[in-house]
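Summary of structural features
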Amino acid sequence: MIYVCFATSPLHLICIKELAFIYKEDKFVIYCFVKNRLDAEYRQIRRTIEMLDLVNVHEVELPKRKIFQKLKIFVFAFYLFNKHKRQPTTFVIVDFRNTFMHFLRRLFPESRFILIDDGFATYNAYNDYIKFGYYLPYLQYKGVLGSLNKLIHFGFDFSRLLNKKIDLFTLYARKLKLTDNSYNSLSFVRKLTEDAMLVYSDKFVYFAGSRMAEKGILTMEEEIKLIMKVNKYWAKKGKKMIYVGKRVTKGAPSEYKIKCIEKKSIPVVFFDLPLELALIDLKPKMIPTTICSFESTLNTTLPILHPIMDSYLVDIKDTKEIHIEVKKNKIRSNHSF
């Protein structure tokens, strides 16, 4: 069996490696979609490929303009069709909302499709669509443009694909009450973690940085004020908070945020690997026994890799009063304000 996989982030590559670790006898081919080979996320992707010893990885460079991106993706879909139409193929897709991924389901009606994690998106897709028996994000194909997109990509096959099952391979399988076959236990990376013989400390906390302000969920002032309150929360617990910045975030707003955090004597660190792998690379430095964030997949992945680690989610209740609650090991599908 050939597995054709797609990736746009280090997390996708980690999930693909876990599948390859399970299905050792099968051949895996990975296509990484690349927009800019000069940015930090691309460097993270290349380092992740090296650390996980992934092979058969091909880069698909996407043009900057969206119209040309769509054209190249369309051509790429038919390249895959001509290459794999005569052989048993399983496709590993990464974004339930992505039309290209579902267009491949039309081109390969007999193939198996597996949806892996894309942050919380797969968790949300299950709750919004899949648990009700819908395997297409049908809500995004409404209106004039949505209907046109639906006609171009799916023709008269939309109803068939809507109810045609796809499989899941997810970190959240147990929380979603799926079968064990659907559970990504991070067995390969967990073994790397165990072999690293890491040293842990309960004296400090990693706060996983986010882009709340950059995404418009909070104002910059609100986000910075919240970070300060979280820092005070941990200081009262006798723990030193360290802010883990995102190298993929660039530009004046993010740089301003980092400077404000550093001015408050909160250490800021950056890594050239996703934190799941960066902590392995940290040896023999101390690893914190606590991870905290506004909302991050790290709240799930790190406790799997480090059973000693506690995970805390900062639940924002009221942005005007900046009231927060710190809840241990809780998954939230969307922000509550």
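Residues numbered from 1 in each chain as written. Predicted model: local features only at pLDDT ≥ 70, side-chain atom pairs only at ≥ 80, totals over all residues. Heavy atoms only, no water.

1. Looking at the overall build of the chain
For the chain, the helix and strand inventory stands at 12 helices and 14 strands. By the compact-globule yardstick of 20 Å for 337 residues, the chain fits well, its C-alpha radius of gyration being 21 Å. Seen through its C-alpha atoms, the chain measures out along the principal axes to roughly 60 × 45 × 40 Å. Here the chain holds 337 residues, and the buried ones make up 51% of them. A total of about 17,100 Å² of accessible surface is found on the chain, and carbon and sulfur atoms cover 53% of it. For the chain, the distance from the average site of its 56 positive side-chain charges to the average site of its 35 negative ones is 3 Å. (Helix = DSSP H or I, 4+ residues; strand = E, 2+ residues; numbered from the N terminus. Rg over C-alpha atoms; globule rule 2.2 N^0.38 Å. Buried < 20%, exposed > 50% of the residue type's maximum accessible area, 1.4 Å probe, protein only. Areas by Shrake-Rupley, 256 points an atom, 1.4 Å probe, with all protein chains shown as cover. Lys, Arg positive; Asp, Glu negative; His and termini not counted. Charge placed at Lys NZ, Arg CZ, Asp CG, Glu CD.)

2. So, helix H3 (residues 66-84)
Helix length check: H3, at 19 residues, gives a terminal C-alpha distance of 27 Å against a target of 27 Å (1.5 Å per residue), a fit within 8%. Looking only at H3, the buried set comprises Gln69, Ile73, Phe76, Ala77, Leu80 and His84. Projection of H3 onto a plane perpendicular to its axis shows the buried side chains occupying an angular sector of 110 degrees, all on one side. Of the residues in H3, the exposed ones pointing more than 90 degrees away from the buried face are Ile67, Leu71, Val75 and Asn82. Contacts made by the buried residues of H3 are with strand E1 (2-7), strand E2 (27-34), strand E3 (57-61), strand E4 (89-93) and helix H4 (99-107). (Expected span 1.5 Å × (residues − 1). Arc of directions from axis to C-beta. Contact = heavy atoms within 4.5 Å.)

3. A few points about the environment of Gly133
Secondary-structure assignment places Gly133 in the loop between helix H5 (121-128) and helix H6 (143-154). Look at Gly133 and you get partly exposed, because its relative accessible area is 25%. Through-space distance from the C-alpha of Gly133 to that of Asn163 is 6.3 Å; in sequence the pair is 30 residues apart. Those residues within four positions of Gly133 in sequence are excluded, and the remaining contacts are Leu162 and Asn163.

4. A closer look at a nonpolar patch on the surface
Where nonpolar side chains cluster on the molecular surface, the patch consists of Ile67, Phe68, Leu71 and Val75 and spans about 410 Å² of accessible area. Here Phe68 shows up in helix H3. (Patch = residues over 30% accessible without salt bridge, like charges linked within 9 Å, V, L, I, M, F, W, Y side chains within 5 Å. Salt bridge = Lys/Arg side-chain N within 4 Å of Asp/Glu carboxyl O.)

5. Some details on the state of the cysteines
Following the criterion strictly, the structure yields zero disulfides and no others. Left unpaired, Cys15 is separated from the closest cysteine sulfur, that of Cys5, by 11 Å. The closest cysteine sulfur to the non-disulfide-bonded Cys32 is located on Cys5, 9.9 Å from its own sulfur. A relative accessible area of 2% means that Cys32 is categorised as buried. (Disulfide = S-S within 2.5 Å.)

6. With respect to the packing of aromatic side chains
Scanning the model with the defined rule gives 32 aromatic pairs in all. Taking 5.3 Å as the distance between ring centres and 85 degrees as the angle between the ring planes, the aromatic pair formed by Tyr129 and Tyr138 counts as edge-to-face. With a centroid separation of 5.2 Å and 70 degrees between ring planes, the pair formed by Tyr134 and Tyr138 is classed as edge-to-face. Taking NZ or CZ as reference, Lys17 lies 4.7 Å from the ring centre of Phe188, over its face. Over the ring of Phe158 we find Lys150; its NZ or CZ atom is 4.3 Å from the centre of that ring. (Phe/Tyr/Trp six-rings, centres within 6.5 Å; stacked < 30°, edge-to-face > 60°. Lys NZ or Arg CZ within 6 Å of the ring centre and 35° of its normal.)

7. Things to note about the nonpolar core
Core analysis: the largest hydrophobic core is formed by 83 residues, its most contacted members being Phe6, Phe33, Phe100, Leu104, Ile116, Tyr206 and Leu275. The residues contacting Ile116, other than those within four sequence positions of it, are His12, Cys15, Ile16, Leu19, Val92, Ile93, Val94, Thr122 and Phe169. Within the second largest apolar cluster, 24 residues are counted, among which are Phe207, Ile224, Met228 and Tyr312. (Core = buried A, V, L, I, M, F, W, Y, C linked by side-chain atoms within 4.5 Å.)

8. Let's talk about the pairing of E3
Examined bridge by bridge, E2 and E3 share five bridges and lie parallel to one another. Across the sheet, residue Cys32 finds its bridge partner in E3, namely Glu59. Handedness of the E2-helix H2 (residues 40-51)-E3 crossover: right-handed. (Pairing = 2+ DSSP bridges. Right-handed = clockwise from strand over helix to strand, strands pointing away.)

9. Description of the pairing of strand E5 (residues 112-116)
Among the five residues of E5, four are classified as buried, and the element is accordingly described as predominantly covered. Relative to E5, E4 runs parallel, the two sharing four bridges. Counted as the bridge partner of Ile93 is Leu115 from E5. With H4 bridging E4 and the parallel E5, this β-α-β connection has right-handed handedness. Sheet topology places E5 next to strand E6 (residues 167-169); three bridges connect them, and they run parallel. Bridging across to E6, Ile114 finds its partner in Asp167.

10. Quick word on the sheet that holds E5
Taken together, the six strands give an open sheet; going across it, the order is E3-E2-E1-E4-E5-E6, and neighbouring strands pair in parallel fashion. Two strands bound the open sheet, and with one partner strand each, they are E3 and E6. Across the sheet, the mean angle from the axis of one strand to that of its neighbour is 25 degrees, orientation sign disregarded. Strand direction decides the pairing type here: E1 and E4, joined by four bridges, are parallel. (Axes fitted to C-alpha atoms, helices over the stretch in contact; angles between N-to-C directions.)

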